[in-house]
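So the chains spell out like this:
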Amino acid sequence: MKPAISVLFVSFEAAPFAKVGGLADVAGSLPRALRRAGADVRLVIPDFQDIAVEGFEFENVPIPSDWTVGIDFRPYSFRVRETRFPDGTPVWLVGGDDFFARPGIYNAPGGEPFGDELERIVFFNKAVVEVMKCLEVDVDIVHLNDYQTALIAAYMRRLYGNEERLARPALCHSIHNLAYQGVWPAERIQTMGFPPEDARYPSPFEWQGMINLMKTGIELADMVNTVSPRYAMEIQTKEFGAGLEDLLRGVSGKLRGILNGIDTEAWNPATDSHLKYHYDTGKLSGKRGCKAALLKEAGISLDRLDLPVIGMVGRLVQQKGIDLILEIGDALLATDVNLVALGSGAKEIEDGLRGLCARHPDRAGVKIGFDEGLAHRITAGADIFLMPSRYEPCGLNQMYAQRYGTIPVVHEVGGLADTVTEWDPSTKAGTGFLFRDAEAGALSDALGRALLAFQDKRAWTELVKNAMAVDFSWERSAKGYLEFYAEAIERHRGGKSA
Ligand code: ADP
Ligand code: GLC
């Protein structure tokens, strides 16, 4: 039998251990899907202070005390803990008190920057490479995710190119969000552990006189992907390329778009432990129970139960297009609808949503903060799910929503365009509503179509069933990743880099 392909999958966040957004969901479920598809995968994440531990057992992995990570000529010790998902997928948590013994993942809890973001990244990236050396990791693929793990590629290819164990694996780099690139002034190259000339053109680090770690990952990886086919095309254009469009067009031969899947166990309306009532396509009555419970939780009277509930969950940042909702919010809430929102992020967007809901307290509720349970209850209890994102590499919420029979209204970009199809009342095909221009009027029109469809109970039930029937499970994408890995190995052997 052919030995299973072995993968070290490295991410800065992974559910359920540490989560900020969709990357955590992907890193927490893709490795397990790859394992089901026959790969031998180990997940590696930082050992943050607030790692969620419920249901997991952790064991210390002994590391000889003379193994350290050097940053700016100072040695820092690191440690490794191991745990396993119930299916056996192993996870290493790589930590050290100097950088991870504090609350917060990317920022301090209030959103304040730590000040030593780069040192934390360098520490984690170097420690992962040291772990590969001292624990004698021997894998076919090292799969990196976003710029926070891109320096691993640089250490493997530029510092340890002569060491068989570190030279052998092919490198894959996944772009989850091109807007976050990890840009630092050229002089920070020393903290990263490279000589000053590496920050000067031409080099995989250099970008417009600065260092850009997303670029480093893209250049050094044997294969690069992003998380939907549409976004893979979009990022090669000026509109969506965030300045890296020329680079991405230049490496289009090794660039793929592989749609994210969802964890169909954690997100299953028939068994979801965050819900009081359960349902499936055969028996939808539980969804009405979830709707009533949600209205209650949001402080909205049950007299409004027959009116549509519009739900929203997400990071409150420019990407998510919440400004469009704020633009139409008062007019929308003057009609017969309810709104329930959950999110946190930029203060002005938080304040905008708070203000909108405060002006319509009988029909609108917002919770500012991170609340996994409420995210599930909104996904289940709402009728319509709003995602007017200005851009969306993939987006998971619109897939969760469809699985829960909650009809997405989305901007036709990125993964949203790849996963939602417009409802056609005449053929009864489609799963949601899309709008093309990122403008309040276009959003209003799409919402108008959804609200009109909601009036026809029979047709709406068909639409709900269509949405619930779509298969968003990881299985197909896991296969896509196996092909992607095979291509990476091929390219690495052939010595191609673009
Ligand atoms: P992104 O990764 O850009 O944030 P995704 O749609 O891919 O967008 O994934 C977002 C994930 O984070 C989903 O699982 C969503 O439910 C979750 N999420 C976002 N904000 C919150 C919040 N305030 N509370 C709970 N879950 C949240
Ligand atoms: C990013 C993107 C989101 C995507 C997620 C997981 O955070 O914003 O669209 O679903 O990564 O790939």
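Sequence order as written defines residue numbering, which begins from 1 separately in each chain. Lettering of chains starts at A and numbering of ligands starts at 1, both following the order in which they are written. Since the coordinates come from a predicted model, pLDDT governs what is reported: local features require at least 70, and pairs of side-chain atoms require 80 or more to be given and counted, while whole-chain, interface and lining totals use all residues. Side-chain figures throughout are based on the complete set of non-hydrogen atoms in the structure, without hydrogens or water.

> Tell me about helix α11 (residues 322-333), and please be specific about residues and values.
Within α11, burial applies to Ile-322, Leu-324, Ile-325, Ile-328, Gly-329, Leu-332 and Leu-333. Projected down its long axis, α11 shows its buried positions confined to an angular sector of 155°, all on one face. For α11, exposure combined with an orientation more than 90 degrees from the buried face picks out Glu-327 and Ala-331. Only protein chains enter the accessibility calculation, which uses a 1.4 Å probe; a residue is then buried when its area is under 20% of its type maximum, exposed when over 50%, and partly exposed in between. Counting from the N terminus, the helices are DSSP H or I runs at least four residues long and the strands are E runs at least two residues long. Throughout, the arc means that of the directions going from the helix axis to the C-beta atoms.

> Please provide a residue-by-residue account of the site of ligand 2, values included.
What makes a residue near a molecule or strand is one non-hydrogen atom of that residue sitting within 4 Å of it. As a structural note, the neighbourhood of ligand 2 is formed by 14 residues, with His-176, Asn-260, Glu-392, Cys-394 and Gly-395 the closest of them. One nitrogen or oxygen atom from the side chain of Gln-319 is found 3.1 Å from an oxygen atom belonging to ligand 2. By the criterion applied in these results, polar contacts are pairs of N or O atoms within 3.5 Å in which, for protein atoms, one can donate a hydrogen and the other can accept it, and in which residues neighboring in sequence qualify only through two side-chain atoms. Glu-392 places a polar side-chain atom, nitrogen or oxygen, 2.5 Å from an oxygen atom of ligand 2. Surface accessibility in these figures is a Shrake-Rupley result with a 1.4 Å probe; residues are shielded only by whichever protein chains are displayed. Relative to its free-state accessible area of 310 Å², ligand 2 is covered by the protein chains to the extent of 93%. Looking at the shell around ligand 2 residue by residue, the class counts come to six nonpolar, six polar and two charged. Reported domain spans reflect what an automatic or database domain assignment gives. Both domain 1 (6-261 + 475-493) and domain 2 (285-471) contribute no fewer than three residues apiece to the shell around ligand 2. As a working rule, the residues Ala, Val, Leu, Ile, Met, Phe, Trp, Tyr, Cys and Pro are called nonpolar, Asp, Glu, Lys and Arg charged, and the rest polar, with Gly in that last group.

> Can you tell me about the domain arrangement of the protein chain, naming the residues and giving the values?
Partitioning the protein chain into structural domains gives domain 1 (6-261 + 475-493) and domain 2 (285-471). Taking only C-alpha atoms, the centre of domain 1 and the centre of domain 2 are 33 Å apart. At the junction of the two partners, domain 1 supplies 20 residues and domain 2 supplies 20 residues. Buried area is calculated as the accessible area (1.4 Å probe) missing from two parts once they are joined, with the contributions of both summed. Between domain 1 and domain 2, the buried area comes to about 1400 Å², and carbon and sulfur atoms account for 58% of it. Sorting the residues of domain 1 by area buried against domain 2 places Lys-19, Arg-230 and Leu-259 first, and these three jointly supply 28% of that buried surface. Should a side-chain nitrogen of Lys or Arg be within 4 Å of a carboxyl oxygen of Asp or Glu, the pair is scored as a salt bridge. Inspection of the domain 1/domain 2 interface yields two salt bridges. A salt bridge links Arg-230 to Glu-412; the nearest nitrogen and oxygen atoms lie 4.0 Å apart. In this structure, the connection of domain 1 to domain 2 is made through eight residue pairs in polar contact (both at pLDDT 80 or more). Secondary structure elements with two or more residues in the side of domain 1 that touches domain 2: α1 (22-36) and α8 (229-234). Looking at the side of domain 1 that touches domain 2, the element that brings in the most residues is α8, giving four residues. The class makeup of the residues in the side of domain 1 that touches domain 2 is nine nonpolar, seven polar and four charged. We call two residues in contact when some of their heavy atoms are within 4.5 Å.

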